[in-house]
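Inside the fold
Chain residues, written in single-letter form:
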Amino acid sequence: MTSRNAAARRTGLSVVLWAFGLATTLFLIGMWGRSVSTDHSALEEAFHAVAQADAASDRIQEWLAEALVAGAVSSDAEGARVAAAVAQATETDAVVDGVVSALVDAALDVPGSNPEMDVRRALDPLSPVIAAQLARGNDAATEAEVAVALDRVAAIVGASDGRMEIASAAADARGVLTRVALISATSMLLAGAAAVALADDRMRMARSLALKLAVSGFTFAVVLRLGAWAVDPSGGRAPIAAGGAVLLRSNGGVLLVIAGLGLAVVGALSAALVFRVRRRRTLGMAPG
């Protein structure tokens, strides 16, 4: 009976240690991911890197051409010509920066901001460029018509409710990652408590679990750095890769803080173990 209980105890301990390891991994992923999803500077840098892609320039042209034609400002061919010319204009770079900033504000749900109006305001510098290009093609448009075209571009960028699609996606990601972090943290605590309860030496088991958390945190931080290098080793190989590398490199400090806390617990428990051993030795040497 005793051997059966010991075997069952060892099996249970193996299971809860596996559960603790899985929960630790999910906890680190959830904490890091949520930190990234709320990091304004990291998201903006990543979006700026992606915005340098030719695909982004093509999308700007498509949106503007579509808006000019839909607003009856120009024909299909003229709208495509004007859009291509505007995309090559020097003012467009600043506009892209403004749109990216608006997208990031929407993604992070910046208090007091109106994402749809921010995008429209960012497009304002294109008004004289569009008007000049239309006039060059003998297809002059009034300021009101150009404004309507830019309103349509802002509407194309935004979602149907006036909410930015990226804001919705980022909010969903934050919600999922927050739930992952909370559920995994709870699971990690429960599995850790079960492992301590099943262990022969509970203090040593607690120290071992804290050490696992610390090692996992440091390991994950290193893996992210290596992943960022693997995605974009040359530092600008491709815009999409550069954006991904920016995100992978960001917010590693969260993992290091968690690892540091784990090491602090390890240190405290190690000191307690040393004190316990010395106390036992002292009591053993005391005269009976």
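The structure presented is a predicted model; accordingly, all values stated were derived computationally and were not measured. (Residues numbered from 1 in each chain as written. Predicted model: local features only at pLDDT ≥ 70, side-chain atom pairs only at ≥ 80, totals over all residues. Heavy atoms only, no water.)

1. Comments concerning the overall build of the protein chain
The helix and strand inventory of the protein chain stands at 12 helices and 0 strands. Order of helices (α) and strands (β) in the protein chain, N terminus to C terminus: α-α-α-α-α-α-α-α-α-α-α-α. The burial tally for the protein chain puts 36% of its 288 residues in the buried class. Relative to all contacts within the protein chain whose residues are 6 or more apart in sequence, the contacts with residues 24 or more apart total 79%. Summed over its atoms, the accessible surface of the protein chain is roughly 15800 Å², and 63% of this surface lies on carbon and sulfur atoms. (Helix = DSSP H or I, 4+ residues; strand = E, 2+ residues; numbered from the N terminus. Buried < 20%, exposed > 50% of the residue type's maximum accessible area, 1.4 Å probe, protein only. Contact = heavy atoms within 4.5 Å. Areas by Shrake-Rupley, 256 points an atom, 1.4 Å probe, with all protein chains shown as cover.)

2. Comments concerning the pattern of salt bridges
By the definition in use, this model includes 3 salt bridges. Residues Asp-200 and Arg-9 are paired through a salt bridge, measuring 3.9 Å at the closest nitrogen-oxygen approach. With Asp-200 in the loop between helix H9 (165-198) and helix H10 (202-231) and Arg-9 in helix H1 (residues 2-37), this pair connects stretches of sequence that are 191 residues apart. For Arg-9, a relative accessible area of 36% corresponds to the partly exposed category. The closest approach of N and O atoms between Arg-204 and Asp-201, which form a salt bridge, is 3.1 Å. On the basis of relative accessibility, which here comes to 38%, the residue Arg-204 falls in the partly exposed class. Looking at Asp-201, the relative accessible area reads 22%, which means it is partly exposed. Each of Asp-201, Arg-204 and Arg-276 takes part in a single network of salt bridges with overlapping partners. (Salt bridge = Lys/Arg side-chain N within 4 Å of Asp/Glu carboxyl O.)

3. Describing the environment of Val-196
Structurally, Val-196 is set in helix H9. The exposure class assigned to Val-196 is partly exposed, which follows from its relative accessible area of 22%. Sequence separation between Val-196 and Ala-206 is 10 residues, and the spatial gap between their C-alpha atoms is 6.1 Å. Excluding anything up to four places from it in sequence, Val-196 contacts Arg-202, Met-205, Ala-206 and Leu-209.

4. A word on the packing of aromatic side chains
Counted according to the given criterion, the structure contains 1 aromatic pair. Ring centres 6.3 Å apart and planes at 65 degrees place the aromatic pair Trp-32 and Phe-220 in the edge-to-face group. One end of the pair, Trp-32, is in helix H1; the other, Phe-220, is in helix H10, with 188 residues separating them in the sequence. (Phe/Tyr/Trp six-rings, centres within 6.5 Å; stacked < 30°, edge-to-face > 60°.)

5. Structural notes on the confidence of the model for the protein chain
Low pLDDT marks stretches whose predicted atomic positions should not be read closely. Mean pLDDT for the protein chain: 76, with 69% of residues reaching 70 or above. The secondary-structure element of the protein chain with the lowest mean pLDDT is helix H6 (residues 115-122), recorded at 63, while H10 shows the highest, at 89. Residue range residues 159-164 is modelled with pLDDT below 50. Its contacts to residues more than four positions away, or to other chains, number 13 contacts. (pLDDT = per-residue confidence, 0-100.)

6. Observations regarding a nonpolar patch on the surface
Taken together, Leu-211, Val-215, Phe-218, Leu-256 and Leu-263 make up a surface patch of nonpolar side chains, about 410 Å² in accessible area. Elements represented by at least two residues in the nonpolar patch include exactly H10 and helix H12 (252-285). The leading source of residues in the nonpolar patch is H10, at 3 residues. You can see Phe-218 is positioned in helix H10. (Patch = residues over 30% accessible without salt bridge, like charges linked within 9 Å, V, L, I, M, F, W, Y side chains within 5 Å.)

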